[in-house]
Amino acid sequence: MTASESAETQTAARSAQTATLAEIAREAGVSAPTVSKVLNGRADVAPGTRMRVEELLRTHGYRRRRAEATRSPLIDLVFHELESAWALEVIRGVENVARDAGLSVVLSEIAGRLTPGRTWADQVAARRPHGVILVLSELDESQRALLTSRSIPFVVMDPAGDPGSDVPSIGATNWQGGLAATRHLVELGHTRIGAISGPSRMLCSRARVDGYRAALETAGLPVDPSLVVTGDFHHEAGYRLGLELLRRPDRPTAVFAGNDLQALGLYEAARELGLRVPEDLSVVGFDDLPVARWVGPPLTTVRQPLTEMAEAAARLVLELGRGEAAAPAATRVELATSLVVRSSTGAPVAG
């Protein structure tokens, strides 16, 4: 192709895009500047208008400039809640990868909600980060559409629910972890084993309890629904629900606490009632936070590789941004959990 032919081709392409923008504006019933605002991630566009324009952009196959040229050196990290050592392990993992890539990390917390607020996606689109990692969170349809239209890749870590086959996700073998924790207690001789789960709306919490039930059923032990109580993955829930379980006349001799923070709350409840761990009560947690090694007695727990999960999520979101990763439907990864036996579990006292 000659230089003049190349110039003519580029001019024709620009004209085609200009015509497409004008057509999109007419079909959407808005002005061309409004379409331009949507294209540039401006926040001053009504959500309904934005969705309508974004859909038309996709329908017409409009192609923006290469995303790499306009990205900020950032990774957005969004937490369901940001208040515990659990979150610090995740931040550490994302920071490890971001640092090596010359990027910074922007932290957001959505105050216990599972979906960010209405203006969050507009703010992210305006920042144009290299990617977004959502922890125990998810996006609604309009937010996903906005990020996709901006070529901003996103990955869900430890999904709260089923993220869908087209959403890349990084998780852990929660069911296997719940099975291993409960099987350990069964093998020690416990037959009356309680469980303090996390929120029932969270997929990881349900999977851990399902593993607990499977271990009991496999061992031929009855599953007593009254011994399974629902917490929220916080210390206070472990304490409150621990008191509830341990004050029963037929109290359990062992409890799978669902996560380490609830296990620590359970420790406090046992001490208040004069029960010793593990002589009177065996306790198993989940996560293997650093504090699990420091408490007395050191906590038997299921190790969830949080830092490694966060590193995997960060690498994946960068690979997606560079077009190096497989199709999203193929990027559903679960990292293995493992039981770490310490001093908080033992055989039940006879009689």
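Everything here concerns the structure above.
Remember, it's a predicted structure, so these values are computed and weren't measured experimentally.

What about the side chain of Thr-307?
Tracing the chain through its elements places Thr-307 in helix H11 (residues 306-322). In this structure Thr-307 comes out as buried when scored by relative accessible area, which is 14%. Within the local environment of Thr-307, its side chain forms a polar contact with the side chain of Glu-89, the two groups lying 3.3 Å apart. Apart from residues no more than four positions distant in its own chain, Thr-307 is found in contact with Glu-89, Gly-93 and Asn-96.

Considering the packing of aromatic side chains
Applying the stated criterion across every chain yields a total of one aromatic pair. Centre to centre, the rings of Phe-256 and Phe-286 are 6.4 Å apart; their planes meet at 50 degrees, and the pair counts as tilted. In this pair, Phe-256 sits in strand E8 (residues 254-256) while Phe-286 sits in strand E9 (residues 282-287), placing the two residues 30 residues apart along the sequence. Since its relative accessible area comes to 0%, Phe-286 is described here as buried. When the ring centre of Phe-286 is taken as origin, the NZ or CZ atom of Arg-208, which lies over that ring, is 3.8 Å away.

Remarks on the sheet that holds strand E4 (residues 154-157)
The six strands lie next to each other as E2-E1-E3-E4-E5-E11, forming an open sheet whose pairing is parallel. The sheet is open, and its two borders are formed by strand E2 (104-109) and strand E11 (332-335), each paired with just one other strand. Put simply, the sheet's adjacent strands are angled 20 degrees from each other on average, direction ignored. In terms of strand pairing, strand E1 (residues 74-79) meets E2 through six bridges, oriented parallel. If you follow Phe-79 over to E2, its bridge partner there is Glu-109. Against the sheet, helix H4 (residues 85-100) contacts E1, E2, strand E3 (131-135) and E4, and its axis sits at roughly 165 degrees relative to E1.

Looking at the pattern of salt bridges
Inspection of every chain in the model, using the stated rule, returns nine salt bridges. A salt bridge links Arg-192 to Asp-224; its shortest N-O distance comes to 3.5 Å. Of this pair, Arg-192 sits in the loop between helix H7 (174-187) and strand E6 (193-197) while Asp-224 sits in the loop between helix H8 (203-218) and strand E7 (228-230), placing them 32 residues apart in sequence. Classification of Asp-224 as partly exposed rests on a relative accessible area of 25%.

Quick word on the packing of H7 against H8
Contact geometry for H7 and H8: axes closest at 7 Å, N-to-C directions at 40 degrees. Note that H7 runs across H8; the crossing there is right-handed. For the pair formed by H7 and H8, the contact residues are Asn-174, Trp-175, Gly-178, Leu-179, Thr-182, Arg-183 and Val-186 on the first element and Cys-204, Ala-207, Arg-208, Asp-210, Gly-211, Tyr-212, Ala-214, Ala-215 and Leu-216 on the second. Among the residues making up the contact of H7 with H8, the classes are represented as nine nonpolar, four polar and three charged.

Criteria and cut-off values
Residues numbered from 1 in each chain as written. Predicted model: local features only at pLDDT ≥ 70, side-chain atom pairs only at ≥ 80, totals over all residues. Heavy atoms only, no water. Helix = DSSP H or I, 4+ residues; strand = E, 2+ residues; numbered from the N terminus. Buried < 20%, exposed > 50% of the residue type's maximum accessible area, 1.4 Å probe, protein only. Polar contact = N/O pair within 3.5 Å; in protein donor to acceptor, adjacent residues only side chain to side chain. Contact = heavy atoms within 4.5 Å. Phe/Tyr/Trp six-rings, centres within 6.5 Å; stacked < 30°, edge-to-face > 60°. Lys NZ or Arg CZ within 6 Å of the ring centre and 35° of its normal. Pairing = 2+ DSSP bridges. Axes fitted to C-alpha atoms, helices over the stretch in contact; angles between N-to-C directions. Salt bridge = Lys/Arg side-chain N within 4 Å of Asp/Glu carboxyl O. Left-handed = near helix turned anticlockwise from the far one by under 90°. Nonpolar A, V, L, I, M, F, W, Y, C, P; charged D, E, K, R; others polar.

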